[in-house]
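Structural overview
Letter by letter, the chains look like this.
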Amino acid sequence: MPGVEVPVSPDPADALASVVALRRLADRIEDAAVEQAMRAGWNWPQVAEALGVTRQAVHKKHAKRLIAAGVALRRR
Amino acid sequence: MSAFGSYLRTVMDLGRDEARQDGSDTIEAQHLLLAITAGPDEVPRQVLAAAGLDHQAVMDALDREFEHSLAAAGASAAAFNLPRSSTSLKRPHLGASARLAVERGFTGQDPQPADLLLGILRAQAGTVPRALDLAGVDQDDLAQRTLLARAAAQDR
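Scope of this entry: the structure provided in the associated data block. A quick note: this is a predicted structure, and the numbers were derived from the prediction, not measured. (Residues numbered from 1 in each chain as written. Chains lettered and ligands numbered in written order. Predicted model: local features only at pLDDT ≥ 70, side-chain atom pairs only at ≥ 80, totals over all residues. Heavy atoms only, no water.)

**Observations regarding the nonpolar core**
Counting 30 residues, the largest nonpolar core has B:L32, B:I36 and B:I120 as its most contacted members. Within the residue set of this core, elements represented by two or more residues are α1 (3-21), α2 (29-37), α3 (42-50), α4 (55-71), α5 (96-105), α6 (114-121), α7 (127-134) and α8 (139-155) of chain B. With 6 residues, the top contributor of residues to this core is α2(B). Among residues more than four places away in sequence, those in contact with B:L32 are B:V11, B:M12, B:G15, B:I27, B:A98, B:L116 and B:I120. Counting 10 residues, the second largest nonpolar core, distinct from the first, contains A:V34, A:A37, A:M38 and A:W44. (Core = buried A, V, L, I, M, F, W, Y, C linked by side-chain atoms within 4.5 Å. Buried < 20%, exposed > 50% of the residue type's maximum accessible area, 1.4 Å probe, protein only. Helix = DSSP H or I, 4+ residues; strand = E, 2+ residues; numbered from the N terminus. Contact = heavy atoms within 4.5 Å.)

As structure tokens, this is what we get:
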């Protein structure tokens, strides 16, 4: 199977900046996707497993924000 | 509290708000730059405004830098059509680039509000230099103008 080509810039400044930007984009997507999943009735263990992290980690990172936003959270 | 201390505190508070709105857990140099454009001291604000950098222009430059840097890795924020998430409740703390800006800016005995902008403009790499470059702003020239405005304000 041919490898997937990722067009990383040959300029180190661009390549390093793309790391910063991708981390920021990943954080934004995680926040939005976790909120979307919990609003759709997913529970913490399901979200944690989908993200490949522990339930404690995902809870610690997102619970307060979602509670404040009025999302009804399912424990299990 | 001294006038300078009061300025720094206000800009840090504004920078924290900018970081929170940006969804960032840390206050970075770009958040301080945005804060300066809305800050209470007219010297750094006017230097930036004269270069066409009001709050909206800095926001636009930062957005452009974000998309440009994502594009370098073949990604685009627009490709992910997710709803905007609720804002974090965490209190953003001072990040690495903002710490460097403070260290680089405040080197003398008589700190002035313009020194924080100078510290930000002394960065050679990172988000702010790239955003300014993409906006067509000459960073060294802007730093020079900031130094002149600082000296003029001190003479008054």
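**Here's the deal with the side chain of B:T146**
Residue and element names in this part refer to chain B. Checked against the element boundaries, T146 lands in helix α8. Given the relative accessible area of 0%, T146 is considered buried. With near-sequence residues (within four places) excluded, T146 lies in contact with V47, A114, L117, L118 and L121.

**Some thoughts on the interface of chain B and chain A**
If you look at the interface, chain B gives 23 residues, while chain A gives 26 residues. A combined buried area of about 1,900 Å² lies between chain B and chain A, and 65% of that area is made up of carbon and sulfur atoms. Remark: the boundary between chain B and chain A carries 3 salt bridges. Between B:D22 and A:R28 there is a salt bridge; the shortest N-O distance is 3.9 Å. The interface formed by chain B and chain A contains 3 residue pairs in polar contact (both at pLDDT 80 or more). Sorting the residues of the side of chain B that touches chain A by element identifies α4 and α7 of chain B as the ones contributing at least two each. Here the side of chain B that touches chain A takes 5 residues from α4(B), the largest share from any one element. The residue makeup of the side of chain B that touches chain A, split by class, is 10 nonpolar, 9 polar and 4 charged. (Buried area = accessible area lost by both parts, 1.4 Å probe. Salt bridge = Lys/Arg side-chain N within 4 Å of Asp/Glu carboxyl O. Polar contact = N/O pair within 3.5 Å; in protein donor to acceptor, adjacent residues only side chain to side chain. Nonpolar A, V, L, I, M, F, W, Y, C, P; charged D, E, K, R; others polar.)

**Some words on the packing of aromatic side chains**
Two descriptors summarise a pair of aromatic rings, namely the distance from one centre to the other and the angle between the planes of the rings. What the rule picks out here adds up to 1 aromatic pair over all chains. Aromatic pair B:F4 and B:F106: ring centres 5.1 Å apart, planes at 75 degrees, arrangement edge-to-face. Taken together, the positions of B:F4 in helix α1 and B:F106 in the loop between α5 and α6 put the pair 102 residues apart, joining distant regions of the chain. Judged by relative accessible area, which is 17%, B:F4 ranks as buried. Across the ring face of B:F66, the terminal group of A:R24 is positioned such that the distance to the ring centre comes to 4.2 Å. (Phe/Tyr/Trp six-rings, centres within 6.5 Å; stacked < 30°, edge-to-face > 60°. Lys NZ or Arg CZ within 6 Å of the ring centre and 35° of its normal.)

**A word on empty space enclosed by the protein**
Residues and elements named next belong to chain B. With the rule as written, the count across this model stands at 1 cavity of 30 Å³ or more. Empty space within the largest cavity amounts to approximately 40 Å³. If you trace the largest cavity, you find it lined by L33, L53, V58, A61, L62, V128, A131 and L132. Of all the elements in the fold, those that place two or more residues in the lining of the largest cavity are α4 and α7. Per-class residue counts for the lining of the largest cavity are 8 nonpolar, no polar and no charged. (1 Å grid on protein atoms, 1.4 Å probe; cavity = no way out; pocket = protein on both sides within 12 Å on 5 of 7 lines; lining within 4 Å. Points joined across faces, edges and corners; volume = space filled by probe spheres on them.)

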